[in-house]
Amino acid sequence: MQAAQAQRAIDEALQQKQTAEVATAKLQDSLQQEQEKIGGLIQEVGAARQAMTASAEQQRRALDEAQERAAALASELAGTRREIKTQSARSKTAEDAVTRQRQASERTIAELRQSLQQERSKIGAMARDLTPARRPADQREPPRARARQSG
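Keep in mind that this is a model prediction, so the values were computed, not measured.

Participant: Which residues make up the overall build of the chain, and what values go with them?
Facilitator: For the chain, the helix and strand inventory stands at two helices and zero strands. Going through the 151 residues of the chain one by one, you find that 1% of them count as buried. Total accessible area computed for the chain in this model is approximately 13800 Å², and 55% of it derives from carbon and sulfur atoms.

Participant: Describe the pattern of salt bridges, with residues and values.
Facilitator: For the structure on display, the rule yields eight salt bridges. In this structure, E57 engages R60 in a salt bridge whose closest nitrogen and oxygen atoms are separated by 2.5 Å. Note that E57 and R60 are positioned in helix α1 (residues 2-134) at a spacing of three residues, about one turn of the helix. When its relative accessible area of 30% is taken as the criterion, E57 is described as partly exposed. Note that R60 and D64 form a salt bridge whose closest N and O atoms lie 2.6 Å from each other. Of this pair, R60 and D64 both sit in helix α1, four residues apart, which is roughly one turn of that helix. Here the salt bridges do not stand alone but share partners, grouping E57, R60, R61 and D64 into one network.

Calculation notes
- Residues numbered from 1 in each chain as written.
- Predicted model: local features only at pLDDT ≥ 70, side-chain atom pairs only at ≥ 80, totals over all residues.
- Heavy atoms only, no water.
- Helix = DSSP H or I, 4+ residues; strand = E, 2+ residues; numbered from the N terminus.
- Buried < 20%, exposed > 50% of the residue type's maximum accessible area, 1.4 Å probe, protein only.
- Areas by Shrake-Rupley, 256 points an atom, 1.4 Å probe, with all protein chains shown as cover.
- Salt bridge = Lys/Arg side-chain N within 4 Å of Asp/Glu carboxyl O.

Below, the structure written as structure tokens:
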């Protein structure tokens, strides 16, 4: 009986050993599969990292280019603003000169009109003075009659 019990114990131990070996084989297979998955994931992560690095580099270059364009445009805008300011100042100066010229012309015209009026008055006075001299001699007043009229 002891031999039978010992044989059963040996059989059970063998059975457990075989079960353990099968379980170990399954675990090793699972481990191998997990390691393969991890290797694939590591490759995917590496590829993603490279893509991100390349993308980040492209974005950095694009950002640098955009900043350079913005700086160039800002410089061009500043230059345009300076030019507009200069043109505005020139325009104001020219406008002031035109206003002064117009005012001077208006004063000159007024002076000329006044001179013309004075000349017309002189001519009218001369014409009045000459009118008696133009009359025929029989229509002229004697100098005494003129003196009486003016007195």
